[in-house]
Amino acid sequence: MPDWSTHLLQLLALPEFGLSTVFVVSFVSATLLPLGSEPAVFGLIKLNPELFWPTILVATAGNTLGGAVSWLMGLGTHKAVDRARGSHVDVRALAWLERFGPKACLLAWLPVVGDPLCAVAGWMKFPFWPCLAYMAIGKFARYLTMTAVLLWFFPGVLTP
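Residues numbered from 1 in each chain as written. Predicted model: local features only at pLDDT ≥ 70, side-chain atom pairs only at ≥ 80, totals over all residues. Heavy atoms only, no water.

J.: What am I meant to see in the side chain of Ser26 here?
T.: Mapped onto the elements of the fold, Ser26 is located in helix H2 (residues 18-29). Looking at Ser26, the relative accessible area reads 1%, which means it is buried. Excluding anything up to four places from it in sequence, Ser26 contacts Ser37, Val41, Ala59, Gly62 and Asn63. (Helix = DSSP H or I, 4+ residues; strand = E, 2+ residues; numbered from the N terminus. Buried < 20%, exposed > 50% of the residue type's maximum accessible area, 1.4 Å probe, protein only. Contact = heavy atoms within 4.5 Å.)

See the structure below:
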């Protein structure tokens, strides 16, 4: 495990930095990521009963701010849809996606646009399994190509 990730995990470890852990977990659990904050809150309070109210307040603040981020994401999506309905360029992009359907997910490997492309494919109700298959093919091709190019440029790095 890289040193930075070990340091981050130690920084967020209960109970030494428990309130920061509760804040981060509560924040993330209020976004679209599947995570529950209750075990972190309960664990910190169980380990440090004197932190009952600070833990409750920090969890409330983190979860509220995470909810605000989710709301802003929803607003942004709504505004993007409104713009797409009024802009010929955006309408052309949606028409392009409709024309190619799940095959457009082959481009999921692209930086910046790949992840939103997957989200838009879901928003447009493209069939899940074909989209998943095309995403996997595109991402596999990216990793294969990237690795081959890196091995070509740095031939002796990976050999013992």
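J.: Please clarify how the packing of H2 against helix H3 (residues 38-47) should be interpreted in this entry.
T.: How two helices pack is summed up by the angle between their axes together with the distance between the axes. Interaxial distance between H2 and H3 falls to 9 Å at its minimum, and their mutual angle equals 165°. Classed by the angle they form, the pair H2 and H3 counts as roughly antiparallel. Judged by the twist between their axes, the crossing of H2 over H3 is left-handed. Residues Gly18, Leu19, Val22, Val25 and Ser26 of H2 lie in contact with H3, whose contacting residues are Ala40, Val41 and Leu44. Grouping the constituent residues of the contact of H2 with H3 by class yields six nonpolar, two polar and no charged. (Axes fitted to C-alpha atoms, helices over the stretch in contact; angles between N-to-C directions. Parallel < 35°, antiparallel > 145°, perpendicular 65-115°, else oblique. Left-handed = near helix turned anticlockwise from the far one by under 90°. Nonpolar A, V, L, I, M, F, W, Y, C, P; charged D, E, K, R; others polar.)

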